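One letter stands for each residue in the lines below.
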Amino acid sequence: MEEGAPWSLDDDWDWRMQCARANDAGVRGTDSWVPPVEEELVLAARASALGRWYPSTSHNYLRFSDGPGPWVPGGSNDARYLPGCISFAKEGADGSAVFRVWSGFLLQVPDPVLVLATTEAVAAVEALVKVLTTDH
């Protein structure tokens, strides 16, 4: 990206992939409650209908907005988050990753609704596509 150029959707996805790879590397081989599955999830999301929105992650969840945030070149305070996300944590009986798909916003009232819990990133992405495309 050229310096000063507006941030594009592809820029955002490329940046999210780099961050996911780094985040996974940081937790791999540790006893963190966050499993190293962020890159797998972001790859699946980018290849799906979710690829039309701007991705962001925080700790252990992936969510989307309808535009670039104000912290990137050309971003805006007008971008709004979509009402759904995928969280991930080591919750399997063997310590494996579980993806949870939510309708609504985490940590907000009203409480979000759990749509699906699965060990498969692609299944979680498919469920979130249904949540977000039904509402929009």
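Okay, so let's go over this structure. Values in this document were obtained by computation on a predicted structure and should not be read as measured data.

**Some remarks on the layout of surface pockets**
Computed from the structure, the largest pocket encloses a volume of approximately 190 Å³. Lining the largest pocket are 18 residues, with Ser-65, Pro-68, Gly-69, Trp-71 and Tyr-81 sitting closest to its centre. Those elements giving two or more residues to the lining of the largest pocket turn out to be helix H1 (9–27) and strand E1 (54–58). Within the lining of the largest pocket, the residues separate by chemical class into 10 nonpolar, six polar and two charged.

**With respect to the nonpolar core**
Generally speaking, nonpolar side chains in soluble globular proteins are found buried as a group. The biggest cluster of nonpolar side chains holds 27 residues, and the ones touching the most others in it are Leu-50 and Phe-64. Looking at this core, the elements that each hand over two or more residues are H1, helix H2 (38–46), strand E2 (61–65), strand E3 (81–90), strand E4 (97–103) and helix H3 (121–135).

**Observations regarding the pattern of salt bridges**
Throughout the structure, instances matching the rule amount to five salt bridges. The structure contains a network of salt bridges with shared partners spanning Asp-10, Asp-14 and Arg-46.

**Some details on the pairing of E2**
Judged by how many residues are buried, E2 sits mostly within the fold: four of five residues are covered. Bridging between E1 and E2 involves five bridges; their strand directions are antiparallel. Its bridge partner lying in E2, Tyr-54 is registered against Ser-65. Strand direction decides the pairing type here: E2 and E3, joined by four bridges, are antiparallel.

**Things to note about H1**
Its 19 residues give H1 an end-to-end C-alpha distance of 27 Å, which sits within 8% of 27 Å, the value for a rise of 1.5 Å per residue. Here H1 has its buried residues at Asp-11, Asp-12, Trp-13, Arg-16, Met-17, Cys-19, Ala-20, Asp-24 and Val-27. Elements that come into contact with the buried residues of H1 comprise H2, E1 and E2. Following H1 by one or two positions, Gly-29 has its phi on the positive side, about 80°.

What counts, and at which threshold
Residues numbered from 1 in each chain as written. Predicted model: local features only at pLDDT ≥ 70, side-chain atom pairs only at ≥ 80, totals over all residues. Heavy atoms only, no water. 1 Å grid on protein atoms, 1.4 Å probe; cavity = no way out; pocket = protein on both sides within 12 Å on 5 of 7 lines; lining within 4 Å. Points joined across faces, edges and corners; volume = space filled by probe spheres on them. Helix = DSSP H or I, 4+ residues; strand = E, 2+ residues; numbered from the N terminus. Nonpolar A, V, L, I, M, F, W, Y, C, P; charged D, E, K, R; others polar. Core = buried A, V, L, I, M, F, W, Y, C linked by side-chain atoms within 4.5 Å. Buried < 20%, exposed > 50% of the residue type's maximum accessible area, 1.4 Å probe, protein only. Salt bridge = Lys/Arg side-chain N within 4 Å of Asp/Glu carboxyl O. Pairing = 2+ DSSP bridges. Expected span 1.5 Å × (residues − 1). Contact = heavy atoms within 4.5 Å.

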